[in-house]
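Secondary and tertiary structure notes
This is what each chain is made of:
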Amino acid sequence: MAQVTITINGYGYTVGCNDGEEPHLQAMAKVVEQHIDLIRQIGGQSGEGRILALSSLLMADKLHDMEKYIASLEKQLDKQKLKQLQKENQELRKKLDDFAERAESIAEKLNLS
């Protein structure tokens, strides 16, 4: 297990992670730091707890929006899948009808012989 030191709001934190995940963890800390900077730009200096809480709310809001967007994409995909399955079902029914007609035609020819 690896350890990496990240900086959030001017404080260093040593955090454990799986080997090779250090760059990802540092990138996530950078995202948190960007949200903290945004909060500072919007509302000036506040206590550390307030800044971290507001930054967390901003990230939670973005996450919520992304989850709603993903859900809408999944619904669209489900509708597309359903349409595709209905189309395939129609094609199979057509083939089955054609096969049945051919079978009846063959049966009629066999009865005439």
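Applying the stated rule across the entire model yields one salt bridge. Linking K94 and D98 is a salt bridge whose minimum nitrogen-to-oxygen distance equals 3.1 Å. Placement of the pair is K94 and D98 together in helix α2 (residues 48-112), with a separation of four residues, close to one helical turn.

This part covers unusual backbone geometry. The backbone phi angle of N9 is positive, close to 55°, even though this residue is not glycine. By relative accessible area, N9 is classed as buried at 9%.

Now for the pairing of strand β2 (residues 11-17). Examined bridge by bridge, strand β1 (residues 2-8) and β2 share seven bridges and lie antiparallel to one another. Across the sheet, I8 pairs through a bridge with Y11, a residue of β2. In this antiparallel pair of consecutive strands, β1 and β2, the connection spans two residues, and N9 shows a positive phi of 55°.

Together, Y69, I70 and L73 make up an exposed nonpolar region whose accessible area comes to about 300 Å². Note that L73 resides in helix α2. L73 gets classed as partly exposed once you look at its relative accessible area, which sits at 35%.

Here helix α1 (residues 22-43) is 22 residues long and its end C-alpha atoms lie 32 Å apart, about the 32 Å a rise of 1.5 Å per residue gives. Buried residues of α1: A29, V32, E33, H35, I36 and I39, and no others. The buried residues of α1 all sit within an arc of 155° when viewed along its axis, so they share a single face. Across from the buried face of α1, at angles greater than 90 degrees, the exposed residues are P23, H24, K30, Q41 and I42.

Reading the values: rules and limits
- Residues numbered from 1 in each chain as written.
- Predicted model: local features only at pLDDT ≥ 70, side-chain atom pairs only at ≥ 80, totals over all residues.
- Heavy atoms only, no water.
- Salt bridge = Lys/Arg side-chain N within 4 Å of Asp/Glu carboxyl O.
- Helix = DSSP H or I, 4+ residues; strand = E, 2+ residues; numbered from the N terminus.
- Buried < 20%, exposed > 50% of the residue type's maximum accessible area, 1.4 Å probe, protein only.
- Pairing = 2+ DSSP bridges.
- Patch = residues over 30% accessible without salt bridge, like charges linked within 9 Å, V, L, I, M, F, W, Y side chains within 5 Å.
- Areas by Shrake-Rupley, 256 points an atom, 1.4 Å probe, with all protein chains shown as cover.
- Expected span 1.5 Å × (residues − 1).
- Arc of directions from axis to C-beta.

Keep in mind these values describe shape, not function.
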